[in-house]
Structure formats: C-alpha cells, structure tokens
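Geometric and topological summary
Take a look at the letters that make up each chain.
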Protein chains: 2
Amino acid sequence: MSNKDNSISKAVVSRLPRYYRYLGELMESGTERISSGELSKRMNVTASQIRQDLNNFGGFGQQGYGYNVKYLYFEIAKILGVDKKHNMIIIGAGNLGRALANYANFSKSGFVVTGLFDNNETIIGKEVRGVKIQPMDKLKEFIIKNDVDIATLTIPKKEAKKVAETLAECGIKGIWNFAHTDLDLPDNIVVENVHLSESLMELSYNIAHTDTKSQR
Amino acid sequence: MSNKDNSISKAVVSRLPRYYRYLGELMESGTERISSGELSKRMNVTASQIRQDLNNFGGFGQQGYGYNVKYLYFEIAKILGVDKKHNMIIIGAGNLGRALANYANFSKSGFVVTGLFDNNETIIGKEVRGVKIQPMDKLKEFIIKNDVDIATLTIPKKEAKKVAETLAECGIKGIWNFAHTDLDLPDNIVVENVHLSESLMELSYNIAHTDTKSQR
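As the structure is a computational prediction, the values presented were derived from the model and not from experiment.

1. A look at the packing of aromatic side chains
The geometry of an aromatic ring pair comes down to the distance between the two centres and the angle between the two planes. Residue and element names in this part refer to chain A. Taken as a whole, this structure holds 12 aromatic pairs over all chains when the rule is applied. Summarising the aromatic geometry, the rings of Tyr73 and Phe74 are spaced 5.2 Å apart at their centres and angled 85° between planes, so their arrangement reads as edge-to-face. Its relative accessible area of 16% is what places Tyr73 among the buried residues. Residue Phe74 is classed as partly exposed on the basis of its relative accessible area of 43%.

Spelled out as structure tokens, the structure:
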C-alpha cells in the first residue's frame, strides 16, 4: 500500500503508463524523436506537465532536440518495472479471472500468468491459455516454488480478505485486487485496486453533472 | 470528458463510491448512525477528510450525533446518479465483455445491461444472462429505441475510436472504455477509462519502489 519513494506523487505515477503507451505507439510508427510540444498535442496534456513529470526521473529531454522516443520508452519501462518479467497468478477463475488470463497484452508487458486457482471443483483441471486451474490448497506451495510476485484477486469480497492474508504469509509482493473490498495488509505488500462498480459510479456522477444541452 | 460542476474536484468524486460502499455495508449490518471519527477508522482516511468531502455536498452530519447512515447512503446515491436506472450496452462480447455482462452487482446499483454487440458472426444470437448478442449494424437503432445512456467498450483499440464516433452520433451520454486507447469525443460525452494494463504497471511501479526489507 505504501510507496517508499515519497518524492514521486501518486498522480505522477498514474500518468507514467500513459506516456509509455504513447511512446510505444510512436516507436511502432517509426518516430525517432518528439518535442514535448508535439507530445503534448497528441496526449492532450500541457507541455509543461510532461516536462515536470519526466523531470521527476531526471528529465530525458534535450533542449532543441526533444525526446529520443526509443530511449525514453525504455527508461520509462525501467521506472515502471516492466523491463523485467513478473510471475503472476490469478485467484478466482470465474468470468473475470478467465478474461484476464486470456488477455495476451499483459504478457507483452512482462506480466506472465503462471497459475490459476479456484475452489470450484467443477473447473479444477481445466486450462485457460495453457494454464491449468488448480485447487486453492495448492496456492501456498505454488507461490513459493514458482517465485510468484503478483496475485490477482477475482473472488467475492467475503473470501478476499482471508486469501489476501494467506498471500501475505507466502511473501507475495503485490496484489491486483478486483474484489469489491479494501484489503488491510502490511505496508510491504502493494495493493492496486480495480473496483469496477466504483468506476461505473464515477461515470454515472459525471453524466449527471455534465450539461449536455449547452454544449455541442 | 468534462465535468461542468467545476466546484467538485475529481479527487472528491473518486472517493464518493467508496463512502457509498462503506455506508451500504453499515446499513446491511444494521448500523443506524456513525460519527466521522468511527467512519474514519473503518475507512482509513482522516475524519477531517470525510467532513471536507461531504461538505462539498452540504455536509449531512450533525454535531454530537454524527451521520445518519441510511440518509447519507441515499443522499450519496443521488449525488452519484445511482438512484436511477441506467440502460447500458456492452460492445465487444469477448471474454471481458461477457464477464462484465455476467456481473450481477452492476444491476444492483441500477446499471442494467440491455444489449450486447459484437461483429463476430459465430457468437451473434447467443445469450449472456438472458441478453442476446446482436450484430454491430443493429447498434444505432438499438441505442435510440431503447434509451441507452451508457456504452461499455470491450473491443480492440483499432476499432474503438470509430465505434465511439458512432456512439456520439447516437447521443450516448457516457462511455465506459476498456479499449487501450484514448477516445477523442465532444465534451458532452463522458468517458471513464479502465486501462487494465496501466493499472498493472502502477502496481509494478509500486512493487519496484517499495522497500520490502526494512519493513514487517
């Protein structure tokens, strides 16, 4: 839950993956360098925001040259920790768990699903993208033996807290939590919540508070 | 994309669904009133933050009494716009689209999936939770006839921009965007992005920058 590198704000960190995405797309299209002004236009943020954000990590730009796209892409990869492979498991092989296991894009960024777990006996032994669904009592052993650092929780909230405690005991580093509850864990375990219902409610709030008549 | 009620910050809005969730749980457990201090302990935010956040909408608390749980729950529901039914469609009936369609919790908050769309002919006509998958060429008519206000995009990024333009033409109010791209739409259409890969990267950043040795 805690970020010990306190100098970098959560807001800056939340913007880094978007820079990484745009730089990846620029690389794919063969662009070798880009000014903060051009990047600003594409990303719809101010050039000064881009400079400020990147200055947190040492800058990377050169006056009059702009940014070297490939260099910046790989530097941001290092900062995000996606230059290395992460072994990830998914706990809860229901619809959402299987959808995430099937999502090939994660492995492109180094997040490799190495295990799937569920307590539903009717699906244990089945495979998703070549990964077999295992029973929950194999969880501890698997994490320790296979150097798993991230666990994705796609289980009901009632079970999530207890499973999270087990994960903490096994030394997991990060939990990607889709269960609709907050997890109360030691500070050295990072939790990233994806509360889908809450995201929908933010959408609904913004619909209710956007004046659709005076615009267009 | 824009929130015309500029007095309320995005940060406050992003915290409202969490208040709503905690108040819902308190109601379920039969709690009738709660002080900001107690709520603060449960939610792990300061009591002054809670008071400040709720003061944006008129306060709701009474000195020496605290908050009336049921009243506050329904007031926040109104603010979030979840006191009314939202007709929602899902475009892209792949793994993620079907997982979202199967998620019963959304309809509890008034988000009712009334339509599913896909361009894959092999799945058209199949049903998910009683909702038939329709071909993309039925999209426009369906939105207009069925008073759809939210469209969920679970399609590849290449198709997302074009589909979003079609949705804008049909007068959709909000887009819940899971496609890994930004949508560039008129200001009166609200977009809420759920970029799963980027969420994973934030997790990875926080793992890389959390000191696991000095803690526990």
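Read on, since the account is not over.
2. Side note on empty space enclosed by the protein
One pass over the structure, following the stated rule, counts one cavity of 30 Å³ or more. Roughly 50 Å³ of internal volume is contained in the largest cavity. As for the largest cavity, its lining consists of Tyr103 of chain A together with Leu96, Phe178, His180, Val194, His195, Leu196 and Ser197 of chain B. Across the lining of the largest cavity, the residue classes break down as five nonpolar, three polar and no charged.

3. Overview of the nonpolar core
Membership of the largest hydrophobic core comes to 103 residues, with the highest contact counts inside it found for Trp176 and Leu196 of chain A together with Trp176 and Leu196 of chain B. Residues contacting Leu196 of chain B, with those up to four places away along its chain left out, are Leu100, Phe106, Trp176, Phe178 and Val194 of chain A together with Leu96 of chain B.

4. Focus: the interface of chain B and chain A
Taken together, the contact pairs 69 residues of chain B with 69 residues of chain A. For the pair chain B and chain A, the two sides together bury roughly 6,300 Å², of which 60% comes from carbon and sulfur. It is Leu200, Met201 and Tyr205 of chain B that lose the most area in chain B upon contact with chain A, and together they represent 11% of the buried surface on that side. Seen at the junction of chain B and chain A, the total is 22 residue pairs in polar contact (both at pLDDT 80 or more). Mapped onto the side of chain B that touches chain A, the elements with two or more residues apiece are α1 (10-28), α4 (69-80), β3 (86-91), α5 (95-101), α8 (157-169), β8 (174-177), β9 (190-193) and α9 (196-208) of chain B. When residues in the side of chain B that touches chain A are grouped by element, the largest group, 12 residues, is from α9 of chain B. When its residues are assigned to classes, the side of chain B that touches chain A shows 31 nonpolar, 22 polar and 16 charged.

Rules used throughout
- Residues numbered from 1 in each chain as written.
- Chains lettered and ligands numbered in written order.
- Predicted model: local features only at pLDDT ≥ 70, side-chain atom pairs only at ≥ 80, totals over all residues.
- Heavy atoms only, no water.
- Phe/Tyr/Trp six-rings, centres within 6.5 Å; stacked < 30°, edge-to-face > 60°.
- Buried < 20%, exposed > 50% of the residue type's maximum accessible area, 1.4 Å probe, protein only.
- 1 Å grid on protein atoms, 1.4 Å probe; cavity = no way out; pocket = protein on both sides within 12 Å on 5 of 7 lines; lining within 4 Å.
- Points joined across faces, edges and corners; volume = space filled by probe spheres on them.
- Nonpolar A, V, L, I, M, F, W, Y, C, P; charged D, E, K, R; others polar.
- Core = buried A, V, L, I, M, F, W, Y, C linked by side-chain atoms within 4.5 Å.
- Contact = heavy atoms within 4.5 Å.
- Buried area = accessible area lost by both parts, 1.4 Å probe.
- Polar contact = N/O pair within 3.5 Å; in protein donor to acceptor, adjacent residues only side chain to side chain.
- Helix = DSSP H or I, 4+ residues; strand = E, 2+ residues; numbered from the N terminus.

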